[in-house]
Amino acid sequence: MKRVWTVFKESVSEWLTWWWFMLSLFTVPVLGLLTSFVGFTLARLENSERLRETINYGWFTHAYSSHFPYPSTTQFTLGQIVLWFLRKSIALFLVFLVMYYLLGIVPTVNNPDTRHRKLLLRTGAVFFVAHIFLDVIYMTIMQRFDSATLYSNLKVLELTTNFSMDLFTPISIVAFMSIGIISLLVGRGYGGESSVRIVAFRYVIWLSVFAVSIPPTLMRSLESQQFLGGTVTFLSAIQSLYGSS
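Remember, it's a predicted structure, so these values are computed and weren't measured experimentally. (Residues numbered from 1 in each chain as written. Predicted model: local features only at pLDDT ≥ 70, side-chain atom pairs only at ≥ 80, totals over all residues. Heavy atoms only, no water.)

## Re the overall build of the chain
Part 1 of the argument: Along its length, the chain carries 11 helices and zero strands.
Part 2 of the argument: Listed N to C, the secondary structure of the chain is α-α-α-α-α-α-α-α-α-α-α in terms of helices and strands.
Part 3 of the argument: A burial count over the chain gives 32% of its 245 residues as buried.
Part 4 of the argument: Sequence separation of 24 or more characterises 73% of the internal contacts of the chain that already satisfy a separation of 6 or more.
Part 5 of the argument: Summed over its atoms, the accessible surface of the chain is roughly 15,600 Å², and 69% of this surface lies on carbon and sulfur atoms. (Helix = DSSP H or I, 4+ residues; strand = E, 2+ residues; numbered from the N terminus. Buried < 20%, exposed > 50% of the residue type's maximum accessible area, 1.4 Å probe, protein only. Contact = heavy atoms within 4.5 Å. Areas by Shrake-Rupley, 256 points an atom, 1.4 Å probe, with all protein chains shown as cover.)

## Some thoughts on the packing of helix α3 (residues 27–46) against helix α6 (residues 78–105)
Part 1 of the argument: Closest axis-to-axis distance for the α3/α6 pair is 10 Å, and the angle between their directions is 120°. Here α3 is positioned oblique relative to α6, judged by the angle of their axes. Seen from above, α3 lies across α6 with right-handed handedness. Residue-level contacts link Thr-27, Val-28 and Leu-31 of α3 to Leu-94, Val-95, Val-98, Met-99 and Leu-102 of α6. (Axes fitted to C-alpha atoms, helices over the stretch in contact; angles between N-to-C directions. Parallel < 35°, antiparallel > 145°, perpendicular 65-115°, else oblique. Left-handed = near helix turned anticlockwise from the far one by under 90°.)

## A few points about the nonpolar core
Part 1 of the argument: Judged by nonpolar contacts, the single largest core of 31 residues is most densely connected at Tyr-64, Val-95, Met-99, Phe-127 and Ile-173.
Part 2 of the argument: Among the elements of the structure, α2 (19–25), α3, α5 (57–65), α6, α7 (114–142) and α9 (173–186) are those that each provide at least two residues to this core.
Part 3 of the argument: In terms of residues, this core owes the most to one element, α6, which gives eight residues.
Part 4 of the argument: Excluding residues that lie within four positions of it along the chain, Phe-127 makes contacts with Phe-96, Pro-170, Ile-171, Ser-172, Ala-175, Phe-176, Ile-179 and Val-199. (Core = buried A, V, L, I, M, F, W, Y, C linked by side-chain atoms within 4.5 Å.)

## What about α9?
Part 1 of the argument: In this model α9 runs 20 Å from its N-terminal to its C-terminal C-alpha over 14 residues, within 8% of the 20 Å that 1.5 Å per residue would give.
Part 2 of the argument: For α9, the complete set of buried residues consists of Ile-173, Ala-175, Phe-176, Met-177, Ile-179, Gly-180, Ile-181 and Ser-183.
Part 3 of the argument: Gly-187, located one to two residues past α9, shows a positive phi value of around 90°. (Expected span 1.5 Å × (residues − 1).)

## So, the packing of aromatic side chains
Part 1 of the argument: This structure, assessed with the given rule, holds six aromatic pairs.
Part 2 of the argument: With 5.8 Å between their ring centres and 35° between their planes, Trp-18 and Trp-20 make a pair best called tilted.
Part 3 of the argument: With a centroid separation of 5.6 Å and an interplanar angle of 85°, the aromatic rings of Phe-96 and Phe-176 are classed as edge-to-face. Residue Phe-96 is located in helix α6, and its partner Phe-176 is located in helix α9; the two are separated by 80 residues in the primary sequence.
Part 4 of the argument: Overall, Phe-96 belongs to the buried group, its relative accessible area being 5%.
Part 5 of the argument: An aromatic cluster is defined as three or more aromatic residues linked by ring pairs; in this entry it consists of Phe-96, Phe-127 and Phe-176. (Phe/Tyr/Trp six-rings, centres within 6.5 Å; stacked < 30°, edge-to-face > 60°.)

## Brief notes about a nonpolar patch on the surface
Part 1 of the argument: Taken together, Leu-78, Val-82, Leu-86, Ile-90, Phe-93, Leu-94 and Leu-97 make up a surface patch of nonpolar side chains, about 650 Å² in accessible area.
Part 2 of the argument: A relative accessible area of 65% places Leu-78 in the exposed class. (Patch = residues over 30% accessible without salt bridge, like charges linked within 9 Å, V, L, I, M, F, W, Y side chains within 5 Å. Salt bridge = Lys/Arg side-chain N within 4 Å of Asp/Glu carboxyl O.)

## Some remarks on the confidence of the model for the chain
Part 1 of the argument: Mean pLDDT over the chain: 78, with 75% of residues reaching 70 or higher.
Part 2 of the argument: Here residues 241–245 is a poorly scored stretch, pLDDT under 50, and it has zero contacts once near neighbours within four places are set aside; other chains count. (pLDDT = per-residue confidence, 0-100.)

## Focus on the side chain of Ser-24
Part 1 of the argument: Its place among the elements puts Ser-24 in helix α2.
Part 2 of the argument: Looking at Ser-24, the relative accessible area reads 2%, which means it is buried.
Part 3 of the argument: Among the polar contacts made by the side chain of Ser-24, one reaches the main-chain carbonyl oxygen of Phe-21 at a distance of 2.5 Å.
Part 4 of the argument: Look past the residues within four positions of Ser-24 in its chain and what remains in contact with it is Met-99, Leu-102, Leu-103 and Met-177. (Polar contact = N/O pair within 3.5 Å; in protein donor to acceptor, adjacent residues only side chain to side chain.)

## A few points about the environment of Ser-213
Part 1 of the argument: Secondary-structure assignment places Ser-213 in helix α10 (residues 192–219).
Part 2 of the argument: Expressed as a C-alpha distance, the spacing of Ser-213 and Leu-159, which sit 54 residues apart in the sequence, is 8.6 Å.

## Thoughts on α3
Part 1 of the argument: The end-to-end C-alpha distance of α3, which contains 20 residues, comes to 28 Å, matching closely the 28 Å that a straight helix rising 1.5 Å per residue would cover.
Part 2 of the argument: The complete set of buried residues in α3 reads Thr-27, Val-28, Leu-31, Gly-32, Thr-35, Gly-39 and Ala-43. All buried residues of α3 fall inside an arc of 135° around its axis, so they share one side. Opposite the buried face of α3, at more than 90 degrees from it, the exposed residues are Leu-33, Phe-37, Arg-44 and Leu-45. (Arc of directions from axis to C-beta.)

Shown next as structure tokens:
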């Protein structure tokens with residue numbers, strides 16, 4: 001065990017010496033700061049305070065990390081939906097592009113590895129398209145929880161939101177980083193099939209966690225507690241009858 005811990009510390013120390021790896025950990029904040037700088041510059045050039053309020057650090061980080069803001073007491077118009085979708089797509093594209101540059105191009109400048117670059121390029125493209133596809137599905141589902149039906153569907157809303165988030169997690173930037181780092185460490189023995197297995201394994205883990213979370217979520221509902229209580233009482237009565245016969 002001591003040997004494993006020593007090797008782990010040596011590996012971490014070695015990775016921390018690479019500037020591109022450290023920068024990749026802060027891709028979203030760095031892009032947010034650059035966006036804020038652009039917004040500030042445009043605001044000064046155009047003498048518009050509105051530009052500074054619209055294009056800033058918070059706008060970028062929120063556009064990248066947020067999913068569609070349903071449910072809401074005020075349903076969004078088609079124009080607002082399209083604007084949100086464009087912002088989310090642009091922010092997501094920039095993050096994957098920068099991550100591909102830091103983890104795919106920079107580490108292989110001195111020793112070109114076309115296999116690694118193609119792998120990360122394809123993985124990033126697939127992850128990006130999958131994010132957009134899941135966002136569309138998420139929007140379509142969450143639009144059903146309008147203000148008229150929201151209160152009566154709180155548990156369904158919670159389960160739906162948790163399930164949707166679990167669909168995004170295995171194809172997140174963290175997963176992209178993991179694939180890139182493993183590809184660099186393993187070398188030519190690592191290919192697209194290995195990446196698919198990693199994503200599939202992450203889906204199994206996260207969906208298993210979601211399945212385990214369903215009973216506690218339902219049991220917090222008064223109706224579910226009454227149903228479970230009645231079921232237990234009924235089964236206890238049946239067992240007592242059989243036991244006395």
